[in-house]
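# Observations on the model geometry
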Amino acid sequence: IKEKAFGADHPDVASTLNNIGLLYKMQGNFEDAQHNFEQALEMQKKLYGPVHADVATSLNNLAALYGSQGKYYDAKELYKQAIAMRSTIFGLDHQTVAATYNNYGGLMYAIKEF
């Protein structure tokens, strides 16, 4: 509906794709979740450039999905990108940066790399 109302390359469409990805992930439908997260990420990079808060959110969400799928190396790399991006945007003391570090730490604990 939003794509018809706003056009295919609108920030609200990217946000909706990301939210649908979250829903699919919660349902255990990892294939559709990954598809939506990747679409949202690519759209956000086109809309905002490579360094933006929404891009970092999509990286974080895709990393969490990869961790759920056992794609630990890919998850680690995306978390590192999200941490670097959020640190640049918000500064090291921001709660969003801390949350991403927490997600990364949870992954590292789960795969016993600490």
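It should be noted that the structure appears before, not after, this text.
Just so you know, these numbers come straight off a predicted model, no measurement behind them. Here the residue index of a chain counts from 1 through its sequence in written order. The predicted nature of this model means local features are confined to residues of pLDDT at least 70 and side-chain atom pairs, given and counted, to a pLDDT of 80 or more, with totals for whole chains, interfaces and linings taken over all residues. Heavy atoms from the whole structure form the basis of all side-chain values; hydrogens and water molecules are not counted.

### Re the side chain of T100
A run of H or I in DSSP becomes a helix once it reaches four residues, and a run of E becomes a strand once it reaches two; helices and strands are each numbered from the N terminus. You can see T100 is positioned in helix α6 (residues 95–110). Pairs of residues are marked as contacts when any of their non-hydrogen atoms sit within 4.5 Å. Not counting chain neighbours up to four residues away, the residues in contact with T100 comprise N60, Y79, A82, I83 and R86.

### What to know about the packing of aromatic side chains
Aromatic pairing here means that ring centres of Phe, Tyr or Trp (its six-membered ring) are within 6.5 Å. Orientation follows from the plane angle: under 30 degrees is stacked, over 60 is edge-to-face, and everything else is tilted. Per the stated rule, a full pass over the model turns up 1 aromatic pair. Taking 6.4 Å as the distance between ring centres and 75° as the angle between the ring planes, the aromatic pair formed by Y79 and Y104 counts as edge-to-face. Of this pair, Y79 sits in helix α5 (residues 72–90) while Y104 sits in helix α6, placing them 25 residues apart in sequence. Residue burial is assigned from relative accessible area. The probe radius is 1.4 Å, only protein chains are included, and a residue is buried under 20% of its type maximum, exposed over 50%, and partly exposed in between. Using a relative accessible area of 5% as the deciding quantity, one classes Y79 as buried.

### As for the pattern of salt bridges
Between side chains of opposite charge, a pair can form as their charged atoms come close. One side-chain nitrogen of Lys or Arg within 4 Å of one carboxyl oxygen of Asp or Glu is enough to make a salt bridge. For the structure shown, the criterion picks out 2 salt bridges. Residue E77 pairs with K80 through a salt bridge whose shortest N-O separation is 3.7 Å. Within this pair, E77 and its partner K80 are both found in helix α5, separated by 3 residues, close to a single helical turn.

### Considerations on the packing of helix α2 (residues 11–27) against helix α4 (residues 53–68)
Between α2 and α4, whose axes approach to 11 Å, the crossing angle comes to 20°. Comparing their axes, α4 and α2 come out roughly parallel. When you trace α2 past α4, the crossing you get is left-handed. On the side of α2, the interface is formed by N18, L22 and K25, while α4 contributes T57, S58, N61, A64, L65 and S68. Polarity classes work like this: nonpolar for Ala, Val, Leu, Ile, Met, Phe, Trp, Tyr, Cys and Pro, charged for Asp, Glu, Lys and Arg, and polar for all others, with Gly in that last group. Looking at side-chain class alone, the contact of α2 with α4 contains 3 nonpolar, 5 polar and 1 charged residues. Every axis corresponds to a line fitted to the C-alpha atoms, with the helix fit spanning only the stretch in contact, and the corresponding angles, defined between N-to-C directions, vary from 0 to 180 degrees. Orientation is classified from the angle alone, with under 35 degrees giving roughly parallel, over 145 giving roughly antiparallel, 65 to 115 giving roughly perpendicular, and any other angle giving oblique. The handedness criterion is simple: a crossing whose near helix is rotated anticlockwise from the far helix by less than a right angle is left-handed, and one whose near helix is rotated clockwise is right-handed.

### Some details on unusual backbone geometry
For residues other than glycine, phi is negative in most cases, and the peptide bonds are mostly trans. Its identity as a non-glycine residue notwithstanding, K112 has a phi of 60°, on the positive side. Note on K112: relative accessible area 64%, which makes it exposed.

### With respect to the nonpolar core
Buried Ala, Val, Leu, Ile, Met, Phe, Trp, Tyr and Cys residues form a nonpolar core when they are joined through side-chain atoms within 4.5 Å. Counting 20 residues, the largest nonpolar core has L59, L62 and L78 as its most contacted members. When contributions to this core are tallied by element, the ones reaching two or more residues are α3 (30–48), α4, α5 and α6.

### A short note on α6
Residue count minus one, scaled by 1.5 Å, sets the expected span of a helix. Between its first and last C-alpha, α6 extends 22 Å over 16 residues, near the 22 Å set by a 1.5 Å rise per residue. Buried residues in α6 make contact with α4 and α5. Backbone geometry just after α6 places K112 at a positive phi near 60°.

### Let's talk about a nonpolar patch on the surface
Note that patches include only residues with greater than 30% relative accessible area and no salt bridge, and the join distances are 9 Å for like charges and 5 Å for nonpolar side chains (Val, Leu, Ile, Met, Phe, Trp, Tyr). Only the protein chains shown count as cover for residues, and all accessible areas are computed by the Shrake-Rupley method using a 1.4 Å probe. On the surface, L22, L23 and M26 cluster together into a nonpolar patch covering about 310 Å² of accessible area. Along the chain, M26 turns up in helix α2.

Remember that the coordinates give geometry; whether it matters functionally is a separate question.
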